[in-house]
Amino acid sequence: MRSIFFFFLIKKNNIYINICLNSLFLTDETSIYILKNNKLKFIKEIKNQIHKYIYIYIMSKMLPKKSLNCNVIFPMVYGSAGLKKPVVSKNIIYYLKDQKDSIIKTADNIGILDVGIDKLLPIEDSPSASAVSDLKPVVNDTETSVILKTLAFPLNPSDKNQIDGVYGTYSKKISTDDSPKPFSVAGNEGLYQIHSFVDSKGSAISVPEDFNLRIGDFVVPRINNSGTWCTFKTIKLDQLVSKDKKTITDYLKISAVDTNYNGTARGFGILEAATAAVNGCTALWFKTEFEKLARKDFNKTNTKDYYCLANAGNSQVAKLFTQIVKNDHSKENGDFNLKTVSIVRERETPEETEAFISNLKEKTHTDFVITETQNQDREFKKEFQKLVDFENSNVIMGINAVGGTSARGLESKLSNGGTVFTYGGMSLKGITASTTAFIFRNIKYLGLWITQKFKEDPKLKAKLLLKLRGLYNEGKLKLDPEDYKVIVWNVKTDSDEKILKKIKAGLELKGKKPIVFVKHERAL
């Protein structure tokens, strides 16, 4: 068979690269000639590395494919993993706020701290923002430890609330010689990759095969307040793998994360994995509860159509929830239909609102979309009841992330016996519920804090993440890359001041969800 050659001339950063790639046969070494400043540099790479990384890069530019996930939003770097042990981990930290500091903005209460890669930072949960631990970072002397390389982490509203001291749980503040002011490492959610295994002396080692762990495996935190806003993290081996197969570990290995640049291998990519534990698990929990409520009523009334309303319809939880409801309800659970109504704020003009609603319906598969003005308009109630065929259906549930009068409007549309779940308060206003709804219509108000659910059932997070991974890979669930703003943390080149400036800008960002991509010299 004759060999077939491809020739490419690529210009990148004023460097001309002439690549000759044999697609059928590769010699022992493939040559890349780089011409810059009239100097010829000769670089050699092993054939399988060239084939895997250069070929992927070239074909991604020439033959773009439909992305199954959001990897395309990240400036990914392909190359050998690089087993050089890092010296320090850089951590974004937040400080203990005094009452007199209450006016300090979130972005002004964070800093950056270097922690030796051989140090273990203590984590102690506390309901108090002012709790200070007696423990100190200690030099790791365990027999086997795992160095995790951070790939990505979101800047969630709940993280901001922790920094502001207005959340339900915290990690106790600690002090070090480099930071005498008590601090905690920020962040509760993110995606890691196993960088290496080390012994008590810091030397790289291998782990027994029965642990089923490999360098390059993906890891997410199972515990709360673990401090994910960092470049690396050192943990004990028993925090990741249970020797008795029964103990619930602090971290969880997840498989089948797609790191292909084009995101064409599977739907569960870097962004999906890094953000699944909060928004994804919350949305999936709501869908499960919606189905339970509907099934219970169906067994009594044989109603065919059940509705759930969601204010903040453009939020990530609502958008994921409506997709899951549409694509993952099995009639095996009962011969009834689950439907959704999303409630959104108007845009600046009627035309923009109409276009926005049309786009939301197309991407999230929600059955109906109404505006917040309609939601709070008493005269609209009759029109809404016609919309959902109120007499023959059951508007059994609502999910509230706004509070204030928005929750009251949502409640007014529920059928008797309906339930409102509150999981956020974006309006910063308390819920104004109707006395009549409680007494005569038996409307119930409940709350959902997914963190508490994970505490009550330590196995729940793993169960939900496994389900979410399947939904993403089956194409039943998809994030919209336009919803996210990528903040790139260049580990090798960003100064402390530069990355702090980026993180602060992300905390103050409006309209998009910030996701930090930690760009190592050799990322994947």
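To keep things clear, this report deals only with the structure shown in the data block. (Residues numbered from 1 in each chain as written. Predicted model: local features only at pLDDT ≥ 70, side-chain atom pairs only at ≥ 80, totals over all residues. Heavy atoms only, no water.)

1. Details of the packing of aromatic side chains
Under the criterion given, the structure shown has 16 aromatic pairs. For the pair F286 and Y423, a centre-to-centre distance of 5.3 Å together with 65° between the ring planes defines the contact as edge-to-face. With a gap of 137 residues between them, F286 in helix 3 (residues 270–301) and Y423 in the loop between strand 21 (419–422) and helix 9 (435–439) connect regions that are remote in the sequence. With centroids separated by 6.2 Å and ring planes inclined at 45°, the aromatic side chains of F290 and F321 adopt a geometry described as tilted. Placement of F290 in helix 3 and of F321 in helix 4 (residues 316–328) is noted, with a sequence separation of 31 residues between them. When its relative accessible area of 0% is taken as the criterion, F321 is described as buried. Through a chain of ring-to-ring contacts, the aromatic side chains of W285, F286, F290, F321, F421 and Y423 assemble into a single cluster. (Phe/Tyr/Trp six-rings, centres within 6.5 Å; stacked < 30°, edge-to-face > 60°. Helix = DSSP H or I, 4+ residues; strand = E, 2+ residues; numbered from the N terminus. Buried < 20%, exposed > 50% of the residue type's maximum accessible area, 1.4 Å probe, protein only.)

2. Observations concerning the environment of L271
Topologically, L271 is positioned in helix 3. Judged by relative accessible area, which is 0%, L271 ranks as buried. When the C-alpha atoms of L271 and P154 are compared, they prove to be 8.8 Å apart, with 117 residues separating the residues in sequence. Discounting chain neighbours no more than four positions away, the residues touching L271 are C70, N71, I73, F74, L479, Y484 and I515. (Contact = heavy atoms within 4.5 Å.)

3. Quick look at the sheet that holds strand 6 (residues 110–116)
If you walk across this open sheet you meet the three strands as 6-5-12, and the pairing is antiparallel. Looking at strand neighbours, the two that pair on one side only are strand 6 and strand 12 (183–185), the edges of this open sheet. Each adjacent strand pair in this sheet contributes to an overall mean axis angle of 45°, direction not counted. Across three bridges, the pairing between strand 5 (residues 88–95) and strand 12 is antiparallel. Bridged to Y94 within strand 12 is S184. Helix 12 (residues 496–507) contacts strand 5 and strand 6 of the sheet and is inclined by roughly 135° relative to strand 6. (Pairing = 2+ DSSP bridges. Axes fitted to C-alpha atoms, helices over the stretch in contact; angles between N-to-C directions.)

4. A look at the nonpolar core
Within the largest apolar cluster, 55 residues are counted, with the highest numbers of intra-cluster contacts made by L191, I254, F286 and F290. Element by element, the count of residues in this core is highest for helix 3, at 13 residues. The contacts of L191, once residues within four sequence positions are left out, are K149, T150, L151, A152, F218, V219, V220, I254, V257, I270, A273 and A274. Core analysis: the second largest hydrophobic core is formed by 18 residues, W229, I499, I503 and V516 among them. (Core = buried A, V, L, I, M, F, W, Y, C linked by side-chain atoms within 4.5 Å.)

5. Remarks on the pattern of salt bridges
Under the definition given, this model contains 18 salt bridges. Across the salt bridge formed by K326 and D367, the nearest N and O atoms sit 3.7 Å from each other. Residue K326 is found in helix 4, and its partner D367 is found in the loop between helix 5 (350–364) and strand 19 (368–371); the two are separated by 41 residues along the sequence. Of the charged contacts, one joins K363 and E482 as a salt bridge, the two residues approaching to 3.7 Å between their closest N and O atoms. Here the residue K363 occupies a position in helix 5, and E482 occupies one in the loop between helix 11 (460–473) and strand 23 (484–490), the gap between them amounting to 119 residues. Its relative accessible area of 34% is what places K363 among the partly exposed residues. Judged by relative accessible area, E482 falls into the exposed class, the value being 54%. A cluster of three or more residues bridged by salt bridges with shared partners is formed by K287, E291, R295, D328, K467, E474 and K476. (Salt bridge = Lys/Arg side-chain N within 4 Å of Asp/Glu carboxyl O.)

6. Quick look at the pairing of strand 20 (residues 393–400)
In terms of burial, strand 20 is a largely internal element, eight of the eight residues being buried. Note that strand 20 and strand 21 share four bridges and pair parallel. What sits directly across from N400, in strand 21, is T422. Viewed along the sheet, the connection from strand 20 through helix 8 (residues 404–412) into strand 21 turns out right-handed. (Right-handed = clockwise from strand over helix to strand, strands pointing away.)

7. Overview of the side chain of S393
Position of S393 relative to the elements: it lies in strand 20. Overall, S393 belongs to the buried group, its relative accessible area being 9%. Engagement of the side chain of S393 in a polar contact is seen with the backbone oxygen of D389, the distance being 3.0 Å. Excluding anything up to four places from it in sequence, S393 contacts T303, D305, Y307, V388 and S415. (Polar contact = N/O pair within 3.5 Å; in protein donor to acceptor, adjacent residues only side chain to side chain.)

8. Quick word on the sheet that holds strand 20
Spatial strand order, 19-18-17-20-21-22: six strands in an open sheet with parallel pairing. Each having just a single partner strand, strand 19 and strand 22 (444–447) make up the two edges of the open sheet. With strand direction ignored, the average angle separating the axes of adjacent strands in the sheet is 25°. In this structure, strand 21 lies alongside strand 22, joined through four bridges in parallel fashion. Paired with T422 across the strands is G447, a residue of strand 22. Running at roughly 160° to strand 18 (residues 337–344), helix 4 makes contact with strand 17 (305–310), strand 18 and strand 20 of the sheet. Contacting strand 17, strand 18, strand 19 and strand 20, helix 7 (residues 380–387) crosses the sheet at an angle of about 175° to strand 19.

9. Quick look at a nonpolar patch on the surface
A surface patch of nonpolar side chains, about 370 Å² in accessible area, is lined by F438, I439 and F440. Following the sequence through the fold, F440 ends up in the loop between helix 9 and strand 22. A relative accessible area of 64% places F440 in the exposed class. (Patch = residues over 30% accessible without salt bridge, like charges linked within 9 Å, V, L, I, M, F, W, Y side chains within 5 Å. Areas by Shrake-Rupley, 256 points an atom, 1.4 Å probe, with all protein chains shown as cover.)

10. Here's the deal with unusual backbone geometry
With the exception of glycine, most residues fall at negative phi, and the peptide bonds are largely trans. Phi at A256 is positive, roughly 60°, even though this residue is not glycine. By the element assignment, A256 lies in the loop between strand 16 (251–254) and helix 3. Located in the positive-phi region is N302, a residue other than glycine, with phi close to 65°. Note that N302 resides in the loop between helix 3 and strand 17.

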